[in-house]
Amino acid sequence: MQSDRIYYELLRSDRKTCQIQVKADGSVIVRAPKRMPLRDIERFVSEKSDWIENAFEKNRRAREQIKYTEPLTHEEIGKLANMALEYIPKRVEHYAPIVGAEYGNITIRNQKTRWGSCSGKKNLNFNCLLMLTDERIIDYVVVHELCHLKEMNHSERFWAEVEKVLPEYKASRAWLKANGTAIIARMTK
């Protein structure tokens, strides 16, 4: 289908509202209620054309950023892991009493999907690629994982715990969302 120079795939279902998805490959999917008239769907897509164009541009920039990023060698990853083993436990030790959380073991990993995680046994895991970011980002991930030891979810209570320690955490979170994919893409395949 096409609306205002925007080509899209239309999927109808038993939903109540329209939704637009711009996929990483540039394709657009419009999900709409089964009985919604086509003219209403086209008007909806037309009204959202600026949002769709912004999503296209964001995806294009992300692809370009990934395309021109040098992969890390195994040696470089090893050096980052050693740096992380030296640095991150000190940050955990600093923030744990501030958060009011007790933790178990700290493990440094070279992960392709996560910056950090924690287990029910209170063990903390951190991605060695954090060493490619600045101190503010590392501190955000450390505090984020320590707060999970108090709230094992992303509820309002969890974010309130993070905000108590790092009132400006949203900027770090946004930075990771904007730049994290390109950093993780440097992981050797």
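What you see is a predicted model; the values in this text were computed from it and never measured.

1. Focus: the side chain of S172
Secondary-structure assignment places S172 in helix α6 (residues 169–184). Of the polar contacts made by the side chain of S172, one reaches the side chain of R136; its length is 3.4 Å. Contact partners of S172, with chain neighbours within four places excluded, come to R136, I137 and Y140.

2. Regarding the packing of aromatic side chains
A full pass over the atoms with the stated rule returns three aromatic pairs. Ring geometry for Y140 versus Y169: centroids 6.4 Å apart, planes at 10 degrees, classification stacked. Of this pair, Y140 sits in helix α4 (residues 135–148) while Y169 is found in helix α6, placing the two residues 29 residues apart along the sequence. Both residues of the pair, Y140 and Y169, count as buried. Ring centres of F158 and W159 lie 4.8 Å apart, and the angle between their planes is 75 degrees; on these two criteria the pair is classed as edge-to-face. W159 matches F158 in its accessibility class, with the two residues each being buried.

3. With respect to unusual backbone geometry
Despite not being glycine, K122 has its phi angle at roughly 70 degrees, a positive value. Looking at the element boundaries, K122 is found in the loop between β7 (116–118) and β8 (124–127). The partly exposed category is assigned to K122, whose relative accessible area is 37%.

4. Let's talk about the sheet that holds β8
Ordered by their spatial adjacency, three strands build an open sheet running β6-β8-β7, and the pairing between neighbours is mixed. At either end of the open sheet lies a strand with only one pairing partner, and these are β6 (106–109) and β7. For this sheet the average axis-to-axis angle between neighbouring strands, irrespective of direction, equals 20 degrees. As judged from the four bridges shared by β6 and β8, these two strands associate in the parallel manner. The residue bridging R109 from the neighbouring strand is N127, located in β8. The strands touched by helix α3 (residues 74–99) are β6 and β8; relative to β6, the strand with the most contacts, the crossing angle is about 145 degrees.

5. What to know about α3
Helical periodicity: at 3.6 residues per turn, an α-helix aligns residues three or four positions apart in one direction. The end-to-end C-alpha separation of α3 is 35 Å, in line with the 38 Å expected for 26 residues at 1.5 Å each. Roughly 30 degrees is the biggest bend found in α3, and it falls at A84. Within the sequence span of α3, burial applies to I77, L80, A84, I88, R91, V92, Y95, A96 and V99. For α3, the elements touching its buried residues are β6, β8, α4 and α5 (156–165). Where α3 terminates, the next one or two residues include G100, which has phi positive at roughly 85 degrees.

6. A few points about the sheet that holds strand β5 (residues 28–33)
Pairing in this open sheet of three strands is mixed, and the strands run β3-β5-β4 from one edge to the other. Across the chains shown, the open sheet's two edge strands, defined by having one partner strand only, are β3 (9–13) and β4 (19–22). Strand-to-strand twist of the sheet, defined as the mean angle between neighbouring strand axes without regard to direction, takes the value 20 degrees. As defined by bridge partners, β3 adjoins β5 across five bridges and the pair is classed as parallel. Paired with R12 across the strands is A32, a residue of β5. Packing of helix α1 (residues 38–47) onto the sheet brings it into contact with β3, β4 and β5, and relative to β3 it is tilted by some 125 degrees.

7. With respect to the environment of T133
For T133, the position within the fold is in the loop between β8 and α4. Take T133: its relative accessible area is 11%, and that puts it in the buried class. Measuring from C-alpha to C-alpha, the distance between T133 and S46 comes to 39 Å, with 87 residues separating the pair along the chain. Aside from chain neighbours lying at most four places away, what touches T133 is I138, W175 and I183.

Thresholds applied
Residues numbered from 1 in each chain as written. Predicted model: local features only at pLDDT ≥ 70, side-chain atom pairs only at ≥ 80, totals over all residues. Heavy atoms only, no water. Helix = DSSP H or I, 4+ residues; strand = E, 2+ residues; numbered from the N terminus. Polar contact = N/O pair within 3.5 Å; in protein donor to acceptor, adjacent residues only side chain to side chain. Contact = heavy atoms within 4.5 Å. Phe/Tyr/Trp six-rings, centres within 6.5 Å; stacked < 30°, edge-to-face > 60°. Buried < 20%, exposed > 50% of the residue type's maximum accessible area, 1.4 Å probe, protein only. Pairing = 2+ DSSP bridges. Axes fitted to C-alpha atoms, helices over the stretch in contact; angles between N-to-C directions. Expected span 1.5 Å × (residues − 1). Bend = angle between axes of the 7 residues up to and from the residue.

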